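Summary of the model geometry
Chain by chain, the residues:
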Amino acid sequence: MSAPEPMEVHDLVHAFADGELSGEEADTFREHLGTCEACQAELDDILQLQALGGQLAHEEAKSAVQGVVTPPARVETAPARAFRPSWSRRRNWVAAAALSGSLAAVFAVVALRIRNPGGDETQMLALAPTRSLEARLSWAGASAHRPYGVLRSGDERPREMVPLQTLAKLEAEGDLQGLAVGHLLRGEREQAADYLQRASASPDVDSDRAVVALTKGELEAALTLLDGVLEKHPRHPQALWNRALVLRELGLDALAAEAFEAVALLGEPGWSEEAKERAAVLRRQLDGRQGAWDSAQKAGKALALDGTAFPEDVARAVPGTARNWFNIAVWSAPSAERVRALLPLAHVLDAHYGGETMARYAERVAGLDFQRRAPLAARFREVLQGTFDRTTLEPLAKALAGTEHQDILLGVLPLAGGLPARLDTYEQAAKSLGDSWLTLNVERERALAEYARGDLAGAEARLLRAVAACGSAKADYRCGQLEHLLAHIYKDEHRLVESREHALAGLQWARQSQEWKLQADLLLVLGDLARFRNAFALTRAYLGEQALRDRSCAASRHVHESLASLHVFALQPQAARAELQKAPACEVPFFLNGAFVLADLARLDPKPGDAEQVRDGLKKLDAAGWLRPGERVMAAHIEGRAVIGSDREAGRVLLRQAITDGTRLGAGDPVAAKARAYSYSSLILDAGSTGDWAGALALFAEESGVAAPTRCALGVEVHDERTLVAARGPGGELLGHQDASRRSPDFDITALVPPAMSAALKPCEHVHVFARYPVHGQAGLLPPELAWSYDTGPKAQAPALSAPRPLVVYDVDAPASLNLPRLRSWELSGGPSPRRVELTGAAATPSRLLAELAEATEVEIHAHGLVNLGVSDASLLVMAPEVGGRYALTAGEVRKQKLKGAPVVLLGACQAARSAPYLHSPWSLPVAFAEAGARAVIASPIDIPDAEAGPFFARVMERIRAGASAATALRDERLRELSARPDSWVKTVVVFE
């Protein structure tokens, strides 16, 4: 038989089976077969059709279909054709059955073992010689090493053919983890996730769950699972490997390299070698990026001080730093010749940024009178060398301002401490050059000045304008700087979603321009953001990466203080103190975060001198000028927090001072607002420690802005190791309980209120509950037979309206991209109403809903609820998409509205009452509606069943229309439902007032 005619690689399946390919051709096709789903399917069809061959090849067909062969990882075939059937062109399927044994020898495979609970046999399935997943699977049947290899077309995620018969057998055997792995290899991630959720928890199962999360892009969930495995099993091979992949996907390459190196040390065949290779690649890339930035810094100093030429390859690699040093070199140049020598660098930079800005600037300066300019440039070189006498700054600034040499001020003023006092002079000098790179920096410097004096709103507005102009100016490094400052401001305001958005945008700019130091600064911000929402695995990852990249004193101290605060939250005081002790000594003994940690350690793990160390360190921080107005309020709180245990009166005075100053600065200074909230918490717990239950309840009410309760009220505070519960019964009698027994952040919400206290509150027609995170918004605090609600501040009064205006949202067209099921249609409650507004289908957009909320007197929203931390830090409502794609109604958007009708709001959506982890104030969709003017909000913090939710909420609203309060209506309808179904989800519905 002659050699086969050239054909497409996909057409080689039958030639491969026919034995007509040469050894080299067969090897090439084997590699293709490992990643081609179509060819695998066709070959699978051939194998399965062997059953039609009857008795001719019965035993061979059985072994091929069920895989009862144990081939080596790779079987090489001899070039000679020992078996040459002729069925491939004629599709002789009977003869195909006889080929099965030959295919088992020809097809290069890896055995996937399927465990038999009886232990008598081990079945195997032939898979491709290369794996389609980068990740490692822990299930024993798929844990063997195969080289990683996929096609470069990137058309779709690679998958492997796992026959349905195999999955059926695994299901019959009850091997849920193996079943999940089979689906995952087939590319069926949702099915894999479902089976793993049902599998018994174990380190291996959690590692495989993390693989599924990784393939779905859920990096934080994957990291959390893997950290949990490694906390108990530090050498778990699959978890170490998969964590390295997650870290790499997060852009944390230094940590990823360390993780791969840890895998390599385990010495596993195949995996160890691949881990070494992956770690080496990451190290090489990291060294190259850091080396480029270091080279740019070194070259820039040599350029500015000695006139040494800046390497063009370094300029192209790190253009932002090169541009900075180019300007500095122009300002420090002692002669026109030195300036002209900068023209090659100017041309490289102009090629990168576009235009001729750099070259024109150099040529203009070279044409100036250097007999006058040279002495001025020499003064700037003194600034660079650290020999400048700052007392002479004023006359130098006057000599330069408004002259043709005023560009030198752009270097002198920021480096010699002339800002922000001379911002107008600085701006004039920048505008004279007409370079957006410099004028954008003016905006950044002005924003820094506004930030320093506590004008966060002004700084935010300025930076948003600058960021909008930055992209068109192609000022990559400046864009990263502006995004970093904006992210930092949003972090201080506890606007975590916006902060993360801008931090990630800044990190992208910094990575593109290879600004190593800026990347490290942004990692610090991202680490703090993760810490603020209790995402501890992500916090450790970001801060761990930052620590490996930036070893400066301030950065290192910040990392250790942040990690110490995690240990305090986890109630691990000894570990927190050990972390603090690792922090280096810098210009100041600690930052505010470190002072906060030490103040808590003075209570949790007291050592002699703790309180004095806090007090002295805070004084040094203030004297160094490091504290903004709100931070001074926080310093007063921290000092009071530290000393109240040893000097109650002094502590109370300081905490009261923080409350007063925080109230004066108002919500416009979020740091001051946090200090105010934390101070109330400390005073409430102090009152409880002396049994002053009336004082504790009065403090709860004072913070909320309402009158102190005289009856039927409950206050709950859970903070670190301490739990306080104070109440007034139906007759005004005082009850209370406080202990310091918690050893974990977790707690049972249903066990917080002692049974005797709940029993004493039963005669109350309505119990008013004061609480903050982590209690506020949780279901089950009080028994279902009680009518109760969470306090959200002063009660909104319903206006005197001529007629009610109900607003109902239902049958919403959610975005198709979210793949959400359509909710069940239901009958409207409340009877006909001429003023009722109904939003349905594509019209139920976020903007339309916000507009209609303004006049509504009653609101029902039946829609999907989601938790998406990329969109909102609390739960959100899924509306129909706007023209631009926006679909989410967030708590932040609701809070900005004015609900003139003071409506009762019913949120018939999953997780609508879920709170964000804000330690200083409750934050959720219901809180946002209450702050906007709703007089009551009804919602659940968990998933709710669609078929039951509509009718239940309709009956609650009917009771409210009949005159019942929201809490009473919910209680009565809940008890009616529970009488028939004691375990019903209705126990989770909560009222906010």
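Keep in mind it's a predicted model, so treat the numbers as computed, not measured.

This next bit is on the overall build of the protein chain. The number of helices and strands found in the protein chain is 44 helices and 16 strands. Carbon and sulfur atoms make up 52% of the accessible area of the protein chain, which totals about 41,700 Å².

What follows covers the layout of surface pockets. In this structure, the second largest pocket encloses a volume near 1,600 Å³. Along the walls of the second largest pocket sit 44 residues, with Arg-895, Ser-921, Pro-922, Trp-923 and Glu-931 positioned nearest its centre. Per element, the largest residue contribution to the lining of the second largest pocket is 5 residues, and it comes from helix α37 (residues 670-689). Its residues placed into classes, the lining of the second largest pocket shows 15 nonpolar, 14 polar and 15 charged.

Next up on the list: the sheet that holds strand β12 (residues 876-878). If you trace the 3 strands from one edge of the open sheet to the other, you get β11-β12-β13, paired in antiparallel fashion. Of all strands in the sheet, those with a lone pairing partner are β11 (864-866) and β13 (888-889), marking the two edges. Here β11 runs beside β12; their pairing, made up of 3 bridges, is antiparallel. The residue of β12 that forms the bridge with Gly-865 is Leu-877.

Before going further, it helps to spend a moment on the confidence of the model for the protein chain. Here the protein chain averages 87 in pLDDT, and 85% of its residues register 70 or above. In this model residues 1-7 is a low-confidence stretch, pLDDT under 50, and it forms 4 contacts with partners more than four residues away in sequence or in other chains. Note that residues 47-126 has pLDDT below 50 and, in this model, 131 contacts with residues that lie over four places away or in other chains.

Let's shift gears to empty space enclosed by the protein. On inspection of all chains with the given rule, the structure shows 3 cavities of 30 Å³ or more. There is about 90 Å³ of room inside the largest cavity. The wall of the largest cavity is formed by Arg-131, Leu-133, Ala-135, Arg-136, Leu-137, Ala-142, Ser-143, Ala-144, Arg-146, Glu-160, Leu-185 and Trp-271. Here the lining of the largest cavity is composed, by residue class, of 7 nonpolar, 1 polar and 4 charged.

Here the focus is the state of the cysteines. Under the defined criterion, the tally for this structure stands at 3 disulfides. The partner cysteine of Cys-470 in its disulfide is Cys-479, sulfur to sulfur 1.8 Å. Sign of the S-S torsion, about -115° for the bond between Cys-470 and Cys-479, identifies this disulfide as left-handed. Two residues share a disulfide in this structure: Cys-553 and Cys-586, whose sulfurs sit 1.9 Å from each other. Torsion about the S-S bond of the Cys-553 and Cys-586 cystine: about -100°, corresponding to left-handed handedness. Of this pair, Cys-553 sits in helix α31 (residues 553-569) while Cys-586 sits in the loop between α32 (573-582) and α33 (592-604), and the two are 33 residues apart along the sequence.

This paragraph deals with the nonpolar core. In this structure, Leu-714, Leu-781 and Phe-929 are the most contacted members of the largest nonpolar core, which totals 206 residues. Looking at which element gives the most residues to this core, the answer is helix α15 (residues 271-306), with 11 residues. One finds Val-597, Leu-598, Leu-604 and Val-643 within the second-largest nonpolar core, a separate group that totals 33 residues.

Below, the discussion takes up the packing of aromatic side chains. Applying the stated criterion to the full structure yields 14 aromatic pairs. With centroids separated by 5.6 Å and ring planes inclined at 90°, the aromatic side chains of Phe-596 and Tyr-678 adopt a geometry described as edge-to-face. With Phe-596 in helix α33 and Tyr-678 in helix α37, the pair connects residues that are 82 residues apart, well separated along the chain. Across the pair, Tyr-678 and Phe-596 agree in class, each one buried. Measuring from centroid to centroid gives 6.1 Å for Phe-700 and Phe-770, while their planes differ by 20°, and the two rings are stacked. Of the two residues, Phe-700 is situated in helix α38 (residues 693-704) and Phe-770 in strand β6 (residues 767-771); the sequence distance between them amounts to 70 residues. Each member of the pair, Phe-700 together with Phe-770, is buried. Grouped by ring-pair contacts, the aromatic residues Trp-241, Phe-260 and Trp-271 constitute a single cluster.

Rules of the game
- Counting restarts for each chain: residues are numbered from 1 in the order of the written sequence.
- Selection of residues for local features in this predicted model requires a pLDDT of at least 70, selection of side-chain atom pairs for listing and counting requires 80 or more, and totals for whole chains, interfaces and linings are taken over all residues.
- The basis for the side-chain values is all heavy atoms of the structure; hydrogens and waters are excluded.
- We count a stretch as a helix when DSSP gives it H or I for four or more residues in a row; a strand needs E for two or more, and each element gets its number in order from the N terminus.
- Accessible areas in this description were obtained via Shrake-Rupley with a 1.4 Å probe; residue shielding takes into account the shown protein chains only.
- Only protein atoms enter the 1 Å grid used here. Points where a 1.4 Å probe fits but cannot escape make up a cavity, open sets with protein on both sides within 12 Å along at least five of seven lines make up a pocket, and a residue lines them when an atom lies within 4 Å of a point.
- Grid points are joined across faces, edges and corners, and a volume is the space filled by probe spheres set on the points.
- When residues are sorted by character, Ala, Val, Leu, Ile, Met, Phe, Trp, Tyr, Cys and Pro go into the nonpolar class, Asp, Glu, Lys and Arg into the charged class, and all the rest, Gly among them, into the polar class.
- Think of it this way: DSSP has to see at least two bridges between two strands before they count as a pair.
- Think of pLDDT as the predictor's per-residue confidence, scored from 0 to 100.
- Here, two residues are considered to be in contact whenever any of their heavy atoms come within 4.5 Å of each other.
- Pairs of cysteine sulfur atoms within 2.5 Å are what we label disulfides.
- The set of buried Ala, Val, Leu, Ile, Met, Phe, Trp, Tyr and Cys residues whose side-chain atoms join them within 4.5 Å is what this entry labels a nonpolar core.
- Note on exposure labels: buried denotes an accessible area under 20% of the residue type's maximum, exposed denotes more than 50%, and partly exposed covers the range between, all computed with a 1.4 Å probe on protein chains only.
- Here is the rule: rings of Phe, Tyr and Trp (six-membered ring for Trp) pair when centre to centre is within 6.5 Å. Planes less than 30 degrees apart are stacked, more than 60 are edge-to-face, and the remainder are tilted.

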